[in-house]
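If you want the building blocks of each chain, they are given just below.
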Amino acid sequence: MKSKYNSAGRFFLIFTFICAVSIGTAAAQPGGHLVVLRSPNFGWNLAFNLEIDGRPVGNVVQGRHYHAWLPAGEHVLTVRKVPYASLSEPTSITVNIQPGWTNVFTAIWDSDLVYLRPSTVLLSPGATWQNRGDVY
């Protein structure tokens, strides 16, 4: 009887250790910071809907921005105008997220479409630190 409990206890400890190592490995995968700003002349009565890799992440309204940490690699950012008052098409852009870097995009509105314009400069971790983390 004692060996049955002893075996179950060992199995549980081994299983817990394997899970902890797996979670630690997944958490150690570095990612990058994504920031999406609104253009100042975007419009007070308009917002845009942002999707990352086909999953909606939210609507960005006047005075707000979106920021998140994404895993390194290629991602597709899709934006569309809100409210859907006319037949406006969504637009997409592919971004390659680099570990530790900050990718900044600005949403602009033109001809009834919303576009994401990439910033001319990617911010390295050192540049972000020099700006005291203020990339907005």
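Provided above is the structure to which this section pertains.
Residues numbered from 1 in each chain as written. Predicted model: local features only at pLDDT ≥ 70, side-chain atom pairs only at ≥ 80, totals over all residues. Heavy atoms only, no water.

The next subject is the nonpolar core. One broad trend across soluble globular proteins is that nonpolar side chains are buried collectively. Grouped together as the largest cluster of nonpolar side chains are 19 residues, with contacts concentrated most on Leu 34, Val 36, Phe 48, Leu 50, Tyr 66, Leu 77 and Leu 116. Only β1 (31–38), β2 (47–52), β4 (66–71), β5 (73–82), β6 (91–97), β7 (102–110) and β8 (113–118) provide two or more residues apiece to this core. With residues up to four places along the chain from it excluded, the contact list for Tyr 66 reads Leu 34, Val 35, Val 36, Leu 50, Ile 52, Val 57 and Val 60. (Core = buried A, V, L, I, M, F, W, Y, C linked by side-chain atoms within 4.5 Å. Buried < 20%, exposed > 50% of the residue type's maximum accessible area, 1.4 Å probe, protein only. Helix = DSSP H or I, 4+ residues; strand = E, 2+ residues; numbered from the N terminus. Contact = heavy atoms within 4.5 Å.)

With that settled, consider the sheet that holds β4. Spatially, four strands are ordered β4-β1-β7-β8 in an open sheet, and the strand pairing comes out mixed. Only two strands of the sheet have a single neighbouring strand rather than two, namely β4 and β8. For this sheet the average axis-to-axis angle between neighbouring strands, irrespective of direction, equals 25°. (Pairing = 2+ DSSP bridges. Axes fitted to C-alpha atoms, helices over the stretch in contact; angles between N-to-C directions.)

This part is about the pattern of salt bridges. Tallied over the full model, the rule gives one salt bridge. Of the charged contacts in the structure, one is a salt bridge between Glu 51 and Arg 80, with a shortest N-O distance of 3.8 Å. Here Glu 51 is found in strand β2, whereas its partner Arg 80 is found in strand β5, with 29 residues between them in sequence. (Salt bridge = Lys/Arg side-chain N within 4 Å of Asp/Glu carboxyl O.)

Below, the discussion takes up the side chain of His 75. Looking at the secondary structure, you find His 75 in strand β5. A polar side-chain atom of His 75 sits 2.7 Å from the main-chain carbonyl oxygen of Pro 71. (Polar contact = N/O pair within 3.5 Å; in protein donor to acceptor, adjacent residues only side chain to side chain.)

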